[in-house]
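Next come the chains, spelled out residue by residue.
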Amino acid sequence: MLVYANSYLKCGIFGVSHFHKKDCHFSIRRTWSLNCLPARVDALHLTRRIGVVYTVMSSKVMEKMGNNVVVKEDLQDFDVPYSYETAMEALSSLITRKKRGDKSFVGGTYGKLERMSEYLKILGLEEHMDGLKIIHVAGTKGKGSTCTFCEAVLRECGLQTGLFTSPHLIDVRERFRINGLDISEDKFLQYFWDCWNQLKEKVTENLPMPPLFQFLTVLAFKIFICEKVDVAIIEVGLGGTKDSTNVIEKPVVCGITSLGMDHTETLGNTLALIASHKAGIFKPQIPAFTVPQLSEAMDVILQRAHELKVPLKVATPLDNEQLNGLKLSLSGDHQFINAGLAVSLCKCWLQRTGNWEKLFQNDIQEANLPEAFLRGLSTAHISGRAQIVYDTCSQSYNSLKVSENPCGDLVFYLDGAHSPESMEACAKWFSSAVKGNMKSLSTSFNVECLEEVWGNGHIQHARKSMESDKLLKQILLFNCMDVRDPQILLPRLVSTCASSGTHFAKALFVPSMSTYNKVTSGASVIPSDIFNRDLSWQFNLQRLWEKIIHVKEVDTSLDMGAKMDNAKILPPHEFLYEDASHCNPADNNFSCSAVMPSLPLTIKWLRDCVKENPSVRVQVLVTGSLHLVGDVLKLLKR
């Protein structure tokens, strides 16, 4: 296949497809063979499959330094061959399960990690993996936060950072951060189609295309190698031993965050079994850190470390006094555990790579944190975890200008908690936040109204004073996957909030907008079928909620068909402000809760309610599912 580029060949070609060499560029109307392309394009194949139109690629400057391959920043004129939505369609085709909990069938003769190794070989990345200088982090709770802290700290130390996390909330590019920012759309498409087409060419019966997470993991390695990051922080997807990221053979240091009962259908139904999977990322004689664990989990971690002669240490949770008057940027007392682990991982990484002495010349006392560490810990940002968003009346969001008309009366508290332990942490944070307990809030969330200004990977804050004479109402907006156990999650949430004096006036149960079997972006069209989703799961959640609130079984004799029909009708605005103390579940008068037909209609309904009653400030806790949190953020951004 031939592709026309905009420059002449001035240098040799390397053994990987994004070939970089100093002063190498491509000039006008020179015909290139397929193996010379910066990002190879199997246009005929993809046009037939997906029906896309592609454009001609323009020039860019590339550079090769040392053993690593890197793309320079001069990519502003690089036209990518396919649209972003087409890439999302291609990614969706790699999903092998209709919903979580289903078995994934890939086929072929290779095991998962063997497949990963083969994919790295095809992309010419295998020999570059050791140069990534990886921090590898597993765990049940807090691994995303720990990785985010690590990235911010090492970036503040002056290092070029790469961060790979999962899942994404709004856009798949969130999974790949370069120096604290989501990878740009142009660069993402360049690397995506390069990987896609090289792998597509090598597909065989024995080696099929990788499933979604394996592809994204390989893509992360490609991006970080090409961008020549100094450090790559890699979050494990699920478990550890058999996770796609465990193709990493020589990390600089490994970490295990707090462990709990989650993904039991895959990892096992005991803490010991789960711990054995997490400790599977340990490599012989490579240092590792963990946090204080229950003995059932710690015993397994210690045993695995002993078998591999791993120098294992338990990281001490950070103390508030160590922050020198600053606050952790991520809210919640549990973040002191994650921050303590991140500090230990970063120190170890800097020492093992020879950067500690260069940066600090050994003049830092053991008990003191370097200024760069403090800056990182106080500025790290991760969406959907203990995040507060003040809604605005304006329907347009401009990243350069804050809206002039803040609503201020509708506040969303977003946390993707979906395990019993994380739900408890979420409840403590929410109770503290709504009561204005500044000790548990970050400096970004003081008693001032902030509006969100949406940018690339970061959210900036503009403040306006809040009125103090508002009547506050706490509302729960909830959904969870059917593989979760709401009979554990909801009681834990209610009891923890109640112990802090926080009580929900209403609970709204709503189906998520996104689906497990489709990858979408922030700009994706809202699917039309969301207004006709099966709501039986939401009715189960409502029945459980009413049982918790009234401490007795709820009569479910009302015809389900009639309930479904009623759910398609939004409650009147007065419902939000009714006194729930008079609800009578025996009469099926569920004035403590409602099943909502769709998330977009729910957001609009909440906005209409607060506009109609300016004397009330509605504080909405969105939790139970990262999918739900991402969907809400997506709608608030529009």
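Presented here is a report on the structure given in the accompanying data block. What you are looking at is a predicted structure, and each value in this text was computed from that prediction instead of being measured.

Moving on, we come to the environment of Met481. In this structure, Met481 sits in the loop between β17 (471-478) and α14 (486-499). In this structure the C-alpha to C-alpha distance between Met481 and Pro511, which are 30 residues apart in sequence, comes to 9.6 Å.

Turning our attention to the sheet that holds strand β11 (residues 288-290). Overall, mixed pairing links the eight strands, which are arranged β8-β7-β6-β9-β5-β10-β11-β12 in an open sheet. Looking at which strands have only one partner, the edges of the open sheet turn out to be β8 (181-182) and β12 (312-314). Note that strand β5 (residues 134-138) and strand β10 (residues 253-256) share four bridges and pair parallel. Bridged to His136 within β10 is Cys254.

A few words on the side chain of Thr165. Looking at the element boundaries, Thr165 is found in the loop between β6 (161-164) and β7 (176-178). Apart from residues lying up to four places away in sequence, Thr165 is in contact with Cys147, Glu174, Arg175 and Glu235.

For the rest of this paragraph, the subject is the pairing of β17. Across the eight residues that make up β17, a large majority, six, are buried. Pairing between β17 and strand β20 (residues 616-623): eight bridges, direction parallel. Note on β20: the bridge partner recorded for Leu476 is Leu621. Two elements, β17 and strand β18 (residues 506-509), share four bridges in a ladder whose sense is parallel. The residue of β18 that forms the bridge with Phe478 is Phe509.

The rules behind each value
Residues numbered from 1 in each chain as written. Predicted model: local features only at pLDDT ≥ 70, side-chain atom pairs only at ≥ 80, totals over all residues. Heavy atoms only, no water. Helix = DSSP H or I, 4+ residues; strand = E, 2+ residues; numbered from the N terminus. Pairing = 2+ DSSP bridges. Contact = heavy atoms within 4.5 Å. Buried < 20%, exposed > 50% of the residue type's maximum accessible area, 1.4 Å probe, protein only.

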